[in-house]
Structure formats: C-alpha cells, structure tokens
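Close look at the chain arrangement
What follows is the residue order along each chain.
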Amino acid sequence: MSIQVPNNLLSIDDILPDEPLLMMGAGPVPIPAKVAAANGIVINHLGDTMAQVIDQVKQMARYVFQTDKGHILGVAGPGSAAMEMAIANLVTPTSKVLSVCNGFFSGRLADMAQRIGANVQRLSIDEGLSACPQRVRESILQFNPDVLTIVQGETSNTTCNHQLAEIVKIAKEHNCLVIVDAVCTLSTMPFYMDDWGVDAVITGGQKGLSCIPGVSLISFSEQAWQFILSRKDQLKHWCLDAKLADQFWYKKSYHYTAPVSGILAIHEALRLVCTETLETRFARHQTSSQALQAGIEGMGLDLYVQPPNRLNSVVGIAVPERINAKALLSCMSARHKVEISGSFGANIVRIGQMGEQCRAHNLFRTLHALGTSMNALGQRLDLPLGMAALEARLANLEQPILS
C-alpha cells in the first residue's frame, strides 16, 4: 500500500497571519532587511567566495567577542549546539566541572557535562540573585574543578551575573577553564573575552546579533584551543568536534555542507554590529531596556528581578494573581500581533531587549499591547502613565552612563 498525498496542504502564506507578528520575546528577534536578504542567497560552500566570507566573519566576530587571538568557529545549529560544542571539546569523562546555576539555561550546561560522564557539581543560586564571587571561590577551593560553566545572562528568569569578570578571574587563579554562555548578552552589554580571561564564549544568532535562528558562533581562547589539540581521545560528537570544524573554518577543507545562507546572514548581522560599533550598541540597548522598564513600572506592574541583579536584554514582569499568563500572551498575539515570552516556572512573562527589538517604535507598540491586554483581562493599569514614563525615559537617557 502506498502513502497518499496529504489533503488540505497549506502554503506558508496561508498559515501565517495577514499582519506580521512583532517578535518581542526572548528570541528569536526581528532581523534587519539586509540580513534577511543575505539569508536568501546560496553559494558554493567550498568556493573562493565563501572563503572570503568566512575570513570576514572571523574578523568581525573577534571584534564582537573582544578577542585578538580567539579561535572562532561557526556552528550549524542553535545556541545550544554551540554550548554543546564547548562542553564536548573542553570536558572529558574524567573532568571535574563546577556549574554555576541561576536557572534553566545555566543548568543545561551542567546537564551536557553530565551526559559526557564528567563529575559535575552545581552551585545553585537563589532565584533572582546573581552569583557571588566569594561563594564561587569557596566552591572552587572545596571541589577543585577543571572547568567552570556560567551564563552572563540567565534568559529563563532574567537574572544577570553582573560580577562575571571577577568570577572568571577567581577561576583562572585556580587553573580552571571557563565556559561562558553569552547567548542573550553578546553585543547587548559589555563583554571582554581577552581582558576577562574567558576560555570559551558561546552565542546564538537569533538574539543580540539580530540574525536568523540556527547559526551560532563560538570562540576558544589560546589555552582552550591548545587543550583541544592535545586531546588524544576521539570525541563522540562528530559534527561538534572542533578539530574537524577547524578544517572548514581555517583550512578551506570539507567538514560537512555548511549552512551557506546562514553564514551569509551572520556575516551581514556582524557587519551591522561593527558599523554601529559596540559602544553605541551598548548605549542603545541600555537606553531602550531602562525606558521599557520605566514604562512597565509606570503602568503599575512589578519587575521580577531587582537591580543590580536584573538582566537588561530580557525583562521579566511579575504576572498579577488575577491574570493567566497564557491568556495574556494569546491576547497580545491575537489582538495586537505582538509576541512576548512565557516562563520556565516562575509566574512571569518576558520581553526581549536585544538587537532590533531595541527601537522606540517597537517599545511603544509592545507596551501598548501589554497594557491594553492586561486591562482587557481584568487587571486595571494606568496605560497613559506607563506610556508617558516610557517616552520621558527615552528622552532623558539619550546618552546613558554605561556600567
């Protein structure tokens, strides 16, 4: 018996809403027209043109990661694939790994290390708090790890490890390789790979870089790369073997058919970051996020995490008791064509402030959709006051002081 053609097949145009959805959640984010156009091009993945593109991607990525000598590799996969590449290549079954866990995604790094068979100890941080350098030091002295994993920004509960540089310094004093997840923070806030001494930095295309989902970047320090080259065992991860990936990214040789459209897209995304410059980009993100936070509080809502532990690139909003979070998300999407994110357990909703999300017109539309939907569901908010607070803060923070 043969399988028949399915009935009632729809085109993408038939499935998508008539009006495009504004993506204001924790990712993916809206992408610039030049990035979208680049993603529609296919070229030879081993040709001279691709070699030139790859060379420029590595140059621009070094600027964004702030590393002179970092070994840059692309990953044909989401940010989690880049996380797994870092773990697979820097963690062995005999490794001792200290995972600083603020939430869901920092816990994922620990899970990946456990799957390799490493001896993993989790340093659990209370909800809504940043990692304390002294606690990290005490854990290192007790456990003597080979590798430390940590996130700069915990997307799941909108917490920022704002003392990351000090924590990395402590780990390096104890000969510990440091893996940092910067998926939601790279290019949205200061990050200095070389100056801080980070050994592996991970980012995804679909957040701060305003690129497509499914293409990621990783940078290894000289020490980390030498560790990878010195390994005599054969990795169980073939696609994520950094030595095999190096054949394509540095030796113009075949690894697997590269996602050429995605690489062209991330080239354009990185070029736009470089054109704007990191300093200007950091200021834009801080201005936008703090204005949004002022508008949210001005309406009468509470932010989930208190300063200085609060992450600016994903803003968490405590959902009032009388409001069902799923109903709120559905209302915002159906009525206003604005999509924000739910939670990983806490009673919050999350609004992204990464890349192209950080534009004034997006802020006004999103805040209006949030306030109007809350009111429609029975939570009376002062929407005009919130909009006024947003506008006032945007005007006052044109040149914010960067931390």
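Summary of the structure given here. The residue numbering used here restarts from 1 in each chain and proceeds along that chain's sequence as written. At least 70 in pLDDT is required for a residue's local features to be given in this predicted model, at least 80 for side-chain atom pairs to be given and counted, and no such filter applies to totals for whole chains, interfaces and linings, which use all residues. Calculation of side-chain values draws on the structure's entire complement of heavy atoms; hydrogens and water are dropped beforehand.

On to the overall build of the protein chain. Helix and strand assignments come from DSSP, with helices taken as H or I runs of at least 4 residues and strands as E runs of at least 2, each series counted from the N terminus. Secondary structure assignment for the protein chain yields 15 helices and 13 strands. Counting only C-alpha atoms, the protein chain reaches 65 × 60 × 55 Å along its principal axes. For the exposure calls, accessible area comes from a 1.4 Å probe over protein chains only, and a residue counts as buried if that area is under 20% of its type's maximum, exposed if over 50%, partly exposed in between. Burial status across the protein chain gives 55% buried among its 403 residues. In short, Shrake-Rupley with a 1.4 Å probe defines the accessible areas, and a residue's cover is counted only from the protein chains shown. Of the accessible surface of the protein chain, which amounts to about 17,800 Å², a share of 51% is contributed by carbon and sulfur atoms. Residues scored as charged are limited to Lys and Arg (positive) and Asp and Glu (negative), so that His and the chain ends carry no count. To locate a charge, take atom NZ for lysine, CZ for arginine, CG for aspartate or CD for glutamate. Distance between charge centres in the protein chain, computed from 32 positive and 35 negative side chains, equals 3 Å.

Once that is clear, we can look at the sheet that holds strand β4 (residues 119-124). Note on sheets: strands pair through backbone hydrogen bonds, and any given pair is parallel or antiparallel. Pairing between strands is defined by DSSP: at least two bridges between the two strands are required. Pairing in this open sheet of seven strands is mixed, and the strands run β2-β10-β9-β8-β5-β3-β4 from one edge to the other. Strands at the two margins of the open sheet, each flanked by one partner only, are β2 (71-75) and β4. Within this sheet the neighbouring strands show an average axis-to-axis angle of 15 degrees, counted without direction. Pairing between β2 and strand β10 (residues 216-220): five bridges, direction antiparallel. Across the sheet, H71 pairs through a bridge with F220, a residue of β10. Seen against the sheet, helix α7 (residues 164-173) touches β5 (147-151) and β8 (177-181) and runs at an angle of roughly 155 degrees to β8. Under this scheme, a helix contributes an axis fitted over its contacting stretch, all axes are lines through C-alpha atoms, and angles between N-to-C directions fall in the 0 to 180 degree range. The contact criterion used throughout is that any non-hydrogen atoms of two residues lie within 4.5 Å.

With that settled, consider the side chain of S156. Here S156 shows up in the loop between β6 (153-154) and β7 (159-160). You can call S156 buried: its relative accessible area is 6%. In terms of polar contacts, S156 uses its side chain to reach the backbone amide nitrogen of F104, at 3.1 Å. Polar contact criterion, stated in full: a pair of N or O atoms within 3.5 Å, where within protein one must be able to donate a hydrogen and the other to accept it, and residues adjacent in sequence count only if both atoms are side-chain atoms. A distance of 2.7 Å separates polar atoms of two side chains, one belonging to S156 and the other to E154. Discounting residues that sit within four places of it in the chain, S156 has contacts with G103, F104, F105, F344, I348 and R350.

The subject of this paragraph is the packing of aromatic side chains. Paired rings are identified among Phe, Tyr and Trp, the last through its six-membered ring, by centres lying within 6.5 Å, and are further divided according to the angle between planes into stacked (under 30 degrees), edge-to-face (over 60) and tilted (the rest). The final tally for this structure, using the stated rule, is seven aromatic pairs. Measuring from centroid to centroid gives 6.1 Å for F220 and W225, while their planes differ by 40 degrees, and the two rings are tilted. Put simply, the rings of F104, F105 and F344 touch in pairs and so form one group of aromatic residues. For a ring to carry a charge above it, either NZ of a lysine or CZ of an arginine must fall within 6 Å of the ring centroid while also lying within 35 degrees of the normal to the ring plane. Positioned above the aromatic ring of Y250 is the side chain of K58, whose terminal nitrogen or guanidinium carbon lies 3.7 Å from the ring centre. A cation over an aromatic ring shows up here: K207 above the ring of F105, its NZ or CZ 5.9 Å from the ring centre.

So, about the pairing of strand β3 (residues 96-101). Counted residue by residue, β3 has five buried out of six residues, so it is predominantly covered. The sheet contact formed by β3 and β4 spans six bridges and is parallel. By the bridge assignment for β4, L98 is matched with Q121. In terms of strand pairing, β3 meets β5 through three bridges, oriented parallel. Note on β5: the bridge partner recorded for L98 is L148.

So, on to helix α3 (residues 48-65). Given a rise of 1.5 Å per residue, 18 residues ought to cover 26 Å, and the 26 Å separating the end C-alpha atoms of α3 matches this to within 8%. Listed as buried for α3 are M50, V53, I54, V57, K58, M60, A61, V64 and F65. Positive backbone phi, at 60 degrees, marks Q66, one or two positions downstream of α3. Given the number of residues in a helix, its expected span is that number minus one, multiplied by 1.5 Å.

A few words now on the nonpolar core. Formed by 87 residues in total, the largest nonpolar core has its most connected members in L73, L148, F191, I202, F220 and I263. The residues touching I263, leaving out its near neighbours within four places in the chain, are M50, V53, I54, V57, F248, W249 and A258. Definition used in this section: a nonpolar core is a set of buried Ala, Val, Leu, Ile, Met, Phe, Trp, Tyr and Cys residues joined via side-chain atoms within 4.5 Å.

Time to look at the packing of helix α12 (residues 278-299) against helix α14 (residues 360-376). Contact pair α12 / α14: the axes reach a minimum separation of 11 Å and the direction vectors enclose 25 degrees. Here α12 lies roughly parallel to α14, going by the angle between them. Here α12 runs over α14; the crossing is right-handed. Mapping the contact onto sequence places S288, L292, G295, I296 and M299 in α12 and L363, L367, L370 and G371 in α14. In what follows, roughly perpendicular refers to angles from 65 to 115 degrees, roughly parallel to angles under 35, roughly antiparallel to angles over 145, and oblique to any angle outside these ranges. Crossings are sorted by hand: turned counterclockwise from the far helix by less than a right angle, the near helix makes the crossing left-handed, and turned clockwise it makes it right-handed.

Any two cysteine sulfur atoms within 2.5 Å of one another count as a disulfide. If you walk through the whole model with that rule in mind, you get zero disulfides. Free cysteine: C211, not disulfide-bonded; nearest cysteine sulfur from C274 at 13 Å. Residue C211 is classed as buried on the basis of its relative accessible area, which comes to 0%. With no disulfide partner, C358 has as its closest neighbouring cysteine sulfur the one in C184, 12 Å distant.

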